[in-house]
Amino acid sequence: MDVPISEAVPGKSFVTAGEMGPDGQPYAMEVTISKDEGDTLIHLVNSGFSTDPKKDDDFNGPVSGWTHALRVLKLWLER
């Protein structure tokens, strides 16, 4: 998957941005990685969603995608 990075701080964070859906709704996704004692924290922020209830799938897709991706990451880290 080709993901355009619009901002990055190596080893700390990155932001992707673009347009979503057929109407070209702009979006941004921020990923920040930090340490808290011995733990690694990943902070995810997706923005740019429409408030129109007819476009709820635009919101539900990333929620489902991140849930799956984080479960797979957890599995890999535990093994």
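The structure under discussion appears in the preceding block.
How each quantity is defined
Residues numbered from 1 in each chain as written. Predicted model: local features only at pLDDT ≥ 70, side-chain atom pairs only at ≥ 80, totals over all residues. Heavy atoms only, no water. Pairing = 2+ DSSP bridges. Helix = DSSP H or I, 4+ residues; strand = E, 2+ residues; numbered from the N terminus. Axes fitted to C-alpha atoms, helices over the stretch in contact; angles between N-to-C directions.

Draft legend 1. Layout of the sheet that holds strand E4 (residues 39-47). Pairing within the open sheet is antiparallel, and its four strands lie in the order E1-E2-E3-E4. In this open sheet, the two strands that pair with only one neighbour each are strand E1 (5-9) and E4. The mean inter-strand angle of the sheet, taken between neighbouring strand axes irrespective of direction, is 15 degrees. Examined bridge by bridge, E1 and strand E2 (residues 13-20) share four bridges and lie antiparallel to one another. Within E2, the residue paired with alanine 8 across the bridge is phenylalanine 14.

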